[in-house]
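The lines below spell out each chain.
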Amino acid sequence: HEVPAGEATDEVVVAPAATTVPADSPEEGCVFSEPLRVAAWDAWVDVAAVEDRFVVAGVSRTGSGEQAVAVAIVEGAVRQLGLRALDEDAMAGHRRAPSALAVRGRRAALAFVDGRQLLLMAFFDTSQAAPLRFATIAPTASLRFAPSLAWLNDAVVYVAWTVESAAGRRVLLRRVAD
């Protein structure tokens, strides 16, 4: 059956029709005129546009481990939104899938797989700094495949992730309330 755009059923979420917004862009180079460093070390991040800013969030390797990081880029400046050291990082040299970031208004959801192969997720406000508080969404997830996030409404996010075993791969889906 057909579902109107923007409405949801238990089986499907129908995206509203895409719209485009005209914007000036440079002929070449960075839109901020100079590249900005948002992490001091290697990072696996996702980027989203939120009103007057960009939000960059994910996992960054530090000298002694890994940390979850969220920053906003506003008027060409990097502002930290949240930071949290991870309890266990992925083994050095081990492949790591990127994190997933989804925004709705000023709320954001961040999901990634840590070194214990737990799927972790946090909600945060993109307009102010606050500690990142992660919940374990699944006890097993693949480090090789990125999770995916989609807002259902202002309070619920769908998260999908991959689990690998000797029997093969499975993709799982869960609803998570903000």
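Residues numbered from 1 in each chain as written. Predicted model: local features only at pLDDT ≥ 70, side-chain atom pairs only at ≥ 80, totals over all residues. Heavy atoms only, no water.

A closer look at the sheet that holds strand β3 (residues 66–74)
Alright, step 1. Strands sit in the order β1-β2-β3-β4 across an open sheet of four strands; the sheet is antiparallel. In the strand order of this sheet, the two ends are held by β1 (43–50) and β4 (77–85), each with one partner. Across the sheet, the axes of successive neighbouring strands diverge by a mean angle of 15°, strand direction being ignored.
Alright, step 2. Examined bridge by bridge, β3 and β4 share eight bridges and lie antiparallel to one another. Bridge assignment links Ala70 to a residue of β4, and that residue is Gly82. (Pairing = 2+ DSSP bridges. Helix = DSSP H or I, 4+ residues; strand = E, 2+ residues; numbered from the N terminus. Axes fitted to C-alpha atoms, helices over the stretch in contact; angles between N-to-C directions.)

A few points about the sheet that holds strand β7 (residues 119–125)
Alright, step 1. On the basis of which strands lie adjacent, the open sheet formed by four strands has the order β5-β6-β7-β8 and antiparallel pairing. Taken across any chain shown, the strands that pair with only one partner, and hence form the sheet edges, are β5 (100–104) and β8 (135–138). On average, each strand axis in the sheet is inclined to that of its neighbour by 25°, with strand direction left out of account.
Alright, step 2. Where strand β6 (residues 107–113) meets β7, seven bridges bridge the pair, whose relative direction is antiparallel. In the sheet register, Arg107 faces β7, and the bridge partner there is Asp125.

The quantities given are spatial measurements derived from coordinates; they are silent on function.
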